[in-house]
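# Structural overview
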Amino acid sequence: MIVFYDKEMKQLPAIDFIEITWNRKWKEPGNFTIYTSYKEWNDKIKYINIEGRPETGIVQKVVVEKKTEGTFITAKGYFAEKALNWAVVKSDWNVYASKSEHPEYNDWVIGKIGGELFMLNVQKQLDEPRPVFINGIWPTEDSEWPEPFSMSLEAGKEIGTSLYDYLIQYNMSYYVSIVPSLAFVSWAQPWLKNPDEPHFMFRVGTLKGRNLSDKVFFGDGFNNVSKITWTYDDTDAVPYIEIRQTMESTGFTNEEIITDDSGNQKGRIHEFLVDSNNRPKDIDVYPHKIIEGNVTGIELKPENEQTIRAQLQQKAREEMLNHYKSEVVSVDVLQETFKYLADYNLGDTCSIVFDEIEKTFVAQIIEITETHRNNKMDVNLTFGTPRKTKYVQLNI
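Residues numbered from 1 in each chain as written. Predicted model: local features only at pLDDT ≥ 70, side-chain atom pairs only at ≥ 80, totals over all residues. Heavy atoms only, no water.

Here we come to the sheet that holds strand 17 (residues 265-274). Pairing is mixed in the open sheet, where four strands are placed in the order 16-17-15-18. Where the open sheet ends on each side, the last strands, each with one partner, are strand 16 (256-259) and strand 18 (288-292). The average angle at which neighbouring strand axes cross in this sheet is 30 degrees, direction not considered. Of the pairings in the sheet, the one linking strand 16 to strand 17 comprises four bridges and is antiparallel in character. Counted as the bridge partner of Ile258 is Lys266 from strand 17. (Pairing = 2+ DSSP bridges. Helix = DSSP H or I, 4+ residues; strand = E, 2+ residues; numbered from the N terminus. Axes fitted to C-alpha atoms, helices over the stretch in contact; angles between N-to-C directions.)

Here it is in structure tokens:
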């Protein structure tokens, strides 16, 4: 069921549409497109949701097009996850926590993320002219976070993208729901009186991918695909990341002593991340990239060396995410044998049997494109970098 809402999140009557494309993504905000006749469109539509999916679409662009066969509307927008990029980190932020330090670990992390990463960066502070979100952003009570929790962000970073980059390392993602709420703090009163600015709390919930590789299969032998496409590209692959951090102090393990232009000695440490699986295919080379660490939120002294090096390793992993070789499998699926939403969903790892090239892949679903038209739904799955397994031809 496709549900439409106005700007105050009040449900509107359903409309007849020609086509709706609902593009769900695991590593970035998804998007949608509505195509309908002009007479069917309701210009009060601001939000859209499809039953069984956690995403909420926000209408941000409307195009009216006059054709010989009639006048049509194309409405587009992003899902609410995009809203987290409307706020940026105001000052360097660093946090580390483990269950051994915090018995009520998940509650502590939720409070830390909600109170510092979200609220301090979206509400009005000091002499700022206005808040980004009046009612702010807060994690859902049932959201679960990686353990230990180690996150370091530099000022100016987009909050939404930073959160994706962090959670992806743990096979996780997130969604954003929009919840009506009222702000009672004094500085919010001028904006609460503006009827053109309905006020909502943006709630962030975490998602965890499942390993269904031995349960869910796609391929001709399962009668559940109409098309499979495999693409390999190692053009921008970097398997060797070196990250450096320069400190005013010396006395670190395996440090390099450098001298600046004024003759002052400083300590420099290095961390390395090498992933042999990410090197270009059939070439005995390891493309090398050097980056600066820019560790923040902690004193750069020898007694903090373990935490500093942990932050450098995290930054190196995040950098390598931008330089992985690309091996993508895209599948147009039929709703046979295994059912979308019931048997598999976004973020799940499944198996794909490609008989023509005699390969079997295990890969995570990182994008699902639903196309709704003529009272039916077509589904296209895009899988992330696949892992090859033993190929066995099926004759069912």
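This brings us to the side chain of Lys325. Within the secondary structure, Lys325 sits in the loop between helix 4 (305-321) and strand 19 (326-333). Among the polar contacts made by the side chain of Lys325, one reaches the main-chain carbonyl oxygen of Asn277 at a distance of 2.9 Å. In this view, Lys325 contacts Tyr232, Asp233, Asp234, Ala237, Asn277, Asn278, Arg279 and Thr385; residues no more than four positions away in its chain are not counted. (Polar contact = N/O pair within 3.5 Å; in protein donor to acceptor, adjacent residues only side chain to side chain. Contact = heavy atoms within 4.5 Å.)

Moving on, we come to the packing of aromatic side chains. In this structure the tally under the stated criterion is 16 aromatic pairs. Consider the rings of Tyr240 and Phe272, whose centres lie 6.4 Å apart with planes at 40 degrees: the pair is tilted. Linking Tyr240 in strand 15 (residues 240-247) with Phe272 in strand 17, this pair joins segments that are 32 residues apart in sequence. In this structure Tyr240 comes out as partly exposed when scored by relative accessible area, which is 25%. Grouping aromatic residues by their ring pairs yields a cluster made of Trp145, Phe149, Tyr166 and Tyr170. For the cation-ring pair, Lys67 lies above Phe72, with the distance from its terminal atom to the ring centre recorded as 5.5 Å. Stacked on the ring of Tyr232, the Lys or Arg Lys281 has its end atom at 5.5 Å from the ring centre. (Phe/Tyr/Trp six-rings, centres within 6.5 Å; stacked < 30°, edge-to-face > 60°. Buried < 20%, exposed > 50% of the residue type's maximum accessible area, 1.4 Å probe, protein only. Lys NZ or Arg CZ within 6 Å of the ring centre and 35° of its normal.)

As a further point, take the pattern of salt bridges. In this structure the tally under the stated criterion is 19 salt bridges. Where Asp260 meets Lys266, a salt bridge forms, and the shortest distance between an N and an O atom there is 3.9 Å. Judged by its relative accessible area of 25%, Asp260 is partly exposed. Overlapping salt bridges, with partners in common, bring together Glu19, Arg373 and Asp378 in one network. (Salt bridge = Lys/Arg side-chain N within 4 Å of Asp/Glu carboxyl O.)

Take the environment of Glu19 next. Looking at the secondary structure, you find Glu19 in strand 3 (residues 19-25). Glu19 sits 75 residues away from Asn94 along the chain, and the two C-alpha atoms are 45 Å apart. Residues in contact with Glu19, not counting those within four places in the same chain, are Thr33, Ile34, Tyr35, Thr371, His372 and Arg373. Within the local environment of Glu19, its side chain forms a polar contact with the side chain of Arg373, the two groups lying 2.9 Å apart.

The next thing to look at is helix 1 (residues 105-122). Its 18 residues place the ends of helix 1 24 Å apart at the C-alpha level, agreeing with the 26 Å of an ideal helix rising 1.5 Å per residue. Taken as a whole, helix 1 carries its principal kink of about 25 degrees at Gly114. When helix 1 is considered as a whole, its buried residues turn out to be Tyr105, Val109, Ile110, Ile113, Gly114, Leu117, Phe118, Met119, Asn121 and Val122. Packing partners of the buried residues in helix 1 comprise strand 8 (93-97), strand 9 (137-139), strand 10 (149-153), helix 2 (159-168) and strand 12 (200-208). (Expected span 1.5 Å × (residues − 1). Bend = angle between axes of the 7 residues up to and from the residue.)

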